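Listed below are the residues making up each chain.
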Amino acid sequence: MSDLLATPEEQELRDFVRGFADDKIDPAYLRQVDDEKRFPLELWMALGEAGLHGIAIPEEYGGSGGGVMAQAIVVEELARLMGGMTTVWHINTSAIITLSEHGTPEQKADRLARMASGEYRIGISITEPGGGTDVLGALETTGTKVDGGWLINGSKMYTTMADDCHEVMVLARTGEPKPRRSAGLTYFLVDPHSPGVTRNRLGTLGQQAIGTFQVFYDDVFVPDSGVIGEPDEGWTPLTTCINQERIIIAACCTGTIQGVLDQVVPYAKDRVVFGNAIGKYQAVQHHIANMEISRQAAHLLTINAARMCEAGLPYTTEANIAKCFASEACSVACDLGIQIMGGAGYLKDMHVERMWRDTRIMRIGPLANEVIRNYVAESLGLPRSF
């Protein structure tokens, strides 16, 4: 995975995470927790012991203080084996970034060191039942000021890890949407086990080990200390990591393509059909070559967006392009991996089917690729389409 601009520290991080993944992540374990729909706690704690949960946490709280490039490196290397299950890492890291940049000193002191060790997990609860990409237009969850805090009422869809995290970040309307639609929003830290919270696990195609939930909030009390940033200004902490998240998803998809190649290439060398290894046949070679072409392109798009972000340059379009291209290339690579392996690829033992299931969502969220294309067209001067 070449990067001519990589610093020695970045290459050292990549080598470390690659070694950790090869040594500590057992694909059979990933299959087991997927089958059992069980949170991968053992792997989670191993990530903490290796210091990987602290990549984005400031050094004064026990982390490494790494930026989006470091996060992308971690995700790309983990995804070679974990595939879309790396969501369990980057959702928590997105919460870390929000807290690090917008949390109160008390919030940071209470949580960040524990998050660095893996002791504490925070999920994100934003999407409304009628929403999806249209976060602002569909937002109906409310926060009402009461003595000493707020009462949250509403419901959210697609809340990841709601059963296995200690808090979730909840976006609610607390004021008037004036002078802009994003005004009057507040971002809260909410204990998902609080009175008034009901969690319903949803049946999903992939990411079975992590869990996706609809969460209902019925007069859930949140103290004033649970407000992230300022009341009615929650859009700012929410959007802190939205564009960066697209870079991280692109890195996940890029790493997953590598993971497919790691399985398919040896299989194509060993599997004999009609007297030859299937890797000798041109059709199979072309499929595998296309995977590698798309992996290299996705990798370069991803690191370009990450470097622009870290340089303080506008990078939204580049992040959108990286996420769109990498997620679609990943779906194609996983599907072709199954095709090349034939009946064996359809079995869970080969892990390609899990990688396909777990990453399919990345063409949909956190921003659908169709909407991303609208934004890219708009960046070229075309009129806004929605």
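Located above this text is the structure these notes cover.
Residues numbered from 1 in each chain as written. Predicted model: local features only at pLDDT ≥ 70, side-chain atom pairs only at ≥ 80, totals over all residues. Heavy atoms only, no water.

### Side note on the overall build of the chain
When helices and strands are counted, the chain shows 13 helices and 10 strands. Relative to the globule expectation of 21 Å for 386 residues, the C-alpha radius of gyration of the chain, 21 Å, shows essentially globular dimensions. When its C-alpha atoms are laid out on the principal axes, the chain stretches across 80 × 50 × 40 Å. Of the contacts formed within the chain by residues at least 6 apart in sequence, a portion of 73% connects residues at least 24 apart. Once the 33 positive and 49 negative side-chain charges of the chain are each reduced to a mean point, those two points are 6 Å apart. (Helix = DSSP H or I, 4+ residues; strand = E, 2+ residues; numbered from the N terminus. Rg over C-alpha atoms; globule rule 2.2 N^0.38 Å. Contact = heavy atoms within 4.5 Å. Lys, Arg positive; Asp, Glu negative; His and termini not counted. Charge placed at Lys NZ, Arg CZ, Asp CG, Glu CD.)

### Describing the packing of helix α4 (residues 68-82) against helix α9 (residues 242-270)
Between two packed helices, the angle of one axis relative to the other and the distance separating the axes together describe the packing. For the pair α4 and α9, interaxial distance at closest approach is 7 Å and the crossing angle is 30 degrees. When the axis of α4 is compared with that of α9, the two are roughly parallel. Pair α4 / α9 crosses with right-handed handedness. On the side of α4, the interface is formed by V68, Q71, A72, V75, E76, A79 and R80, while α9 contributes Q244, I247, I248, A251, C252, T254, G255, T256, Q258, G259 and D262. By residue class, the composition of the contact of α4 with α9 is eight nonpolar, seven polar and three charged. (Axes fitted to C-alpha atoms, helices over the stretch in contact; angles between N-to-C directions. Parallel < 35°, antiparallel > 145°, perpendicular 65-115°, else oblique. Left-handed = near helix turned anticlockwise from the far one by under 90°. Nonpolar A, V, L, I, M, F, W, Y, C, P; charged D, E, K, R; others polar.)

### Brief notes about the nonpolar core
Membership of the largest hydrophobic core comes to 111 residues, with the highest contact counts inside it found for I25, L52, L78, M115, Y217 and I247. By residue number, the principal contributor to this core is α9, which donates 13 residues. Setting aside anything within four residues of it in sequence, one finds I25 in contact with F20, L30, L43, L78, L81 and M82. (Core = buried A, V, L, I, M, F, W, Y, C linked by side-chain atoms within 4.5 Å. Buried < 20%, exposed > 50% of the residue type's maximum accessible area, 1.4 Å probe, protein only.)

### Observations concerning the pattern of salt bridges
Considering all chains together, one arrives at 23 salt bridges under this definition. In this structure, E77 and R14 form a salt bridge, with 2.9 Å as the shortest nitrogen-oxygen distance. Highlighted residues: E77 in helix α4 and R14 in helix α1 (residues 8-24), separated in sequence by 63 residues. Residue classification places R14 among the buried residues on the basis of a relative accessible area of 4%. D35 is paired through a salt bridge with K348; the nearest N and O atoms lie 2.9 Å apart. You can see D35 sitting in helix α2 (residues 27-36) and its partner K348 sitting in the loop between α11 (316-341) and α12 (352-359), a full 313 residues away along the chain. Here the residues in one salt-bridge network are R14, R18, D22, E76, E77, R80 and D262, joined through shared partners. (Salt bridge = Lys/Arg side-chain N within 4 Å of Asp/Glu carboxyl O.)

### Structural notes on the environment of E77
Residue E77 is classed as buried on the basis of its relative accessible area of 0%. Taking the C-alpha atoms as reference points, E77 and T254, 177 residues apart in sequence, are found 9.2 Å from one another. At a separation of 3.0 Å, a polar atom in the side chain of E77 contacts the side chain of R18. (Polar contact = N/O pair within 3.5 Å; in protein donor to acceptor, adjacent residues only side chain to side chain.)

### Regarding α12
The buried fraction of α12 amounts to seven of the eight residues, a majority that puts the element mostly inside the structure. When α12 is considered as a whole, its buried residues turn out to be V352, E353, R354, M355, R357, D358 and T359. Those residues of α12 hidden inside the fold are in contact with α2, α4, α9 and α11.

### Quick look at the side chain of H53
Relative to the assigned elements, H53 resides in the loop between α3 (41-49) and α4. Here H53 falls in the buried class, since its relative accessible area comes to 1%. In this structure the side chain of H53 is engaged in a polar contact, spanning 2.9 Å, whose partner is the backbone oxygen of W44. Once residues within four sequence positions are removed from consideration, H53 is found in contact with W44, L47, G48, W89, I96, M115, A116 and G118.

### Describing the side chain of S182
Mapping S182 onto the fold places it in the loop between β4 (167-173) and β5 (185-190). The exposure class assigned to S182 is buried, which follows from its relative accessible area of 10%. One polar contact links S182 to R180, side chain to side chain, over a distance of 3.1 Å. Residues contacting S182, with those up to four places away along its chain left out, are L136 and W235.

### Quick word on the pairing of strand β3 (residues 149-160)
When a strand is regular, its side chains alternate between the sheet's two faces. As paired elements, strand β2 (residues 142-146) and β3 share five bridges and run antiparallel to each other. Following the sheet pairing, T142 is matched in β3 by N153. The sheet contact formed by β3 and strand β7 (residues 212-223) spans nine bridges and is antiparallel. Bridge pairing in β7 places T160 opposite T212. (Pairing = 2+ DSSP bridges.)

### Regarding unusual backbone geometry
Of the consecutive residues G365 and P366, the connecting peptide bond is found in the cis state with omega at 0 degrees. One non-glycine residue with positive phi stands out, namely Y158, at about 60 degrees. Here Y158 lies in strand β3. On the basis of relative accessibility, which here comes to 51%, the residue Y158 falls in the exposed class. A positive phi is found at D232, a non-glycine position, where the angle reads about 70 degrees.

### Topic: the packing of α1 against α4
For the pair α1 and α4, the least separation of the axes is 9 Å and the interaxial angle reads 25 degrees. Here α4 runs roughly parallel to α1, going by the angle between their axes. Judged by the twist between their axes, the crossing of α1 over α4 is right-handed. Every residue of α4 that contacts α1 at E10, L13, R14, V17, R18, F20, A21 and D22 is listed here: M69, A70, I73, V74, E76, E77, L78, R80 and L81. Here the residues of the contact of α1 with α4 are counted per class, giving 10 nonpolar, no polar and seven charged.

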